[in-house]
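Residue strings, one per chain:
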Amino acid sequence: MSSKYRRRNRGQKKLKWRWKDETDNRSLPQSWADKGRTESPEEDEVQLYAIQCRAGLLLEWLVNTRTGKLLRGPLSEKPGIRVLYVTADGEYALVKESEAREIDDSWKPPKRFASIIAKDPEEADPVPDSSQDYYRRSVEDLYDSP
């Protein structure tokens with residue numbers, strides 16, 4: 001066989017969900033904070049509080065897993081939400097995406113939405129000093145000073 005012959009590895013393709021923004025960030029509705037479940041932290045975990053959200057679409061694409069290149073799609077879509085979680089002191093944050101529910105022409109969080117999550121601090125990103133005070137006040141306003 002010629003040395004130019006290359007076998008295609010079909011295992012390099014995978015369906016993946018990708019985010020597409022549909023709205024700007026907005027403060028988390030008080031009802032989401034109040035009705036969301038609370039995760040209890042394990043040893044070496046911290047609690048992060050949901051303070052902002054935005055609506056979007058989760059689009060399903062066929063992706064080359066080796067290169068990350070989009071091969072085909074979007075193949076399907078579903079409503080989604082992207083939520084910003086921060087520590088009570090405002091020093092660390094992370095963003096989580098999840099599927100949303102469409103109710104009365106608006107998007108609501110999933111039934112098992114967690115307004116307070118528990119994560120290893122290394123999973124969160126440091127927040128710039130200029131945003132920490134705003135994040136801290138947002139947590140205090142939504143969660144009555146945790």
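To keep things clear, this report deals only with the structure shown in the data block.

The rules behind the values
All residue numbers refer to position in the chain's written sequence, counted from 1. This being a predicted model, a pLDDT of at least 70 is required before a residue's local features are given, and a value of 80 or more before pairs of side-chain atoms are given or counted; all residues contribute to the totals for chains, interfaces and linings. Water and hydrogen atoms play no part in the side-chain values, which are based on all heavy atoms of the structure. Pairs were defined over the aromatic rings of Phe, Tyr and Trp, the Trp ring being its six-membered one, requiring ring centres within 6.5 Å. Orientation was assigned from the angle between planes: stacked under 30 degrees, edge-to-face over 60, tilted for the rest. Note on conventions: DSSP H or I runs of at least 4 residues are helices, E runs of at least 2 residues are strands, and numbering of each starts at the N terminus. Burial status follows relative accessibility: with a 1.4 Å probe on protein chains alone, a residue under 20% of its type maximum counts as buried, one over 50% as exposed, and anything between as partly exposed. For this analysis, residues touch if any pair of their heavy atoms sits within 4.5 Å. Candidate patch residues must exceed 30% relative accessible area and have no salt bridge, after which like charges are joined if within 9 Å and Val, Leu, Ile, Met, Phe, Trp or Tyr side chains if within 5 Å. Accessible areas in this description were obtained via Shrake-Rupley with a 1.4 Å probe; residue shielding takes into account the shown protein chains only. By definition here, a salt bridge exists when the distance from a side-chain nitrogen of Lys or Arg to a carboxyl oxygen of Asp or Glu is within 4 Å. His is not counted, nor are the chain ends, whereas Lys and Arg count as positive and Asp and Glu as negative. The location of each charge is read from NZ of Lys, CZ of Arg, CG of Asp or CD of Glu. Expected span of a helix, by definition, is 1.5 Å for each gap between consecutive residues, and there is one gap fewer than residues. Throughout, the arc means the angular range of directions from the helix axis out to the C-beta atoms. When DSSP finds at least two bridges between two strands, those strands are taken to pair.

Focus: the packing of aromatic side chains
Here a ring pair, both rings aromatic, is described through the centre-centre distance and the interplanar angle of the planes.
Right, so step 1: The full count for this structure, using the stated rule, is three aromatic pairs.
Right, so step 2: Pairing W32 with F113 gives two aromatic rings, centres 5.8 Å apart and planes at 65°, and the pair type is edge-to-face. Of the two residues, W32 is situated in helix α1 (residues 30–35) and F113 in the loop between β8 (106–108) and β9 (114–119); the sequence distance between them amounts to 81 residues.

Overview of unusual backbone geometry
Right, so step 1: The omega torsion of the bond from G73 to P74 falls at 5°, within 30 degrees of zero and hence cis.
Right, so step 2: In the Ramachandran plot, D44 falls in the positive-phi region, its phi being about 70° despite a non-glycine side chain.
Right, so step 3: Relative to the assigned elements, D44 resides in the loop between β3 (37–38) and β4 (46–64).
Right, so step 4: A relative accessible area of 59% places D44 in the exposed class.

Points about the side chain of Q52
Right, so step 1: As for its placement among the helices and strands, Q52 is situated in strand β4.
Right, so step 2: Those residues in contact with Q52 that sit more than four places away from it in its chain are N25, R26, S27, L28, R82, V83, L84 and Y134.

Considerations on the environment of I103
Right, so step 1: Residue placement: I103 occurs in strand β7 (residues 101–103).
Right, so step 2: Considered as a pair, I103 and R18 are 85 residues apart in the sequence and their alpha carbons are 22 Å apart.

Describing a positive patch on the surface
Right, so step 1: A contiguous patch of positive charge on the surface is contributed by R26, K35, R101, K108 and K111.
Right, so step 2: Summarising the element assignment, K35 is placed in helix α1.
Right, so step 3: Among the residues examined, K35 registers a relative accessible area of 73% and is labelled exposed.

A word on helix α2 (residues 129–143)
Right, so step 1: Between its terminal C-alpha atoms α2 stretches 22 Å, which fits the 21 Å expected from 15 residues at 1.5 Å a residue.
Right, so step 2: What α2 keeps buried is the set Q132, Y135, S138, V139, L142 and Y143. The buried side chains of α2 occupy one side of the element, clustering within an arc of 130° when seen end-on. The exposed set on the far side of α2, more than 90 degrees from its buried face, consists of S130 and D141.
Right, so step 3: Residues of α2 that are buried sit in contact with α1, β4, β5 (70–87), β6 (92–99) and β9.

Describing the pairing of β4
Right, so step 1: Counted residue by residue, β4 has 17 buried out of 19 residues, so it is predominantly covered.
Right, so step 2: Relative to β4, strand β2 (residues 26–27) is paired through two bridges, and the arrangement is antiparallel. Looking at the pairing, S27 lines up with Q52 of β4.
Right, so step 3: Across four bridges, the pairing between β4 and β9 is antiparallel. Bridge assignment links V46 to a residue of β9, and that residue is K119.
Right, so step 4: Pairing of β4 with β5 involves 14 bridges; the strand directions are antiparallel. Across the sheet, the residue bridging to R54 is R82, located in β5.
Right, so step 5: From the end of β4 to the start of β5, which pair antiparallel, there are five residues, and G68 there has a positive phi angle of about 80°.

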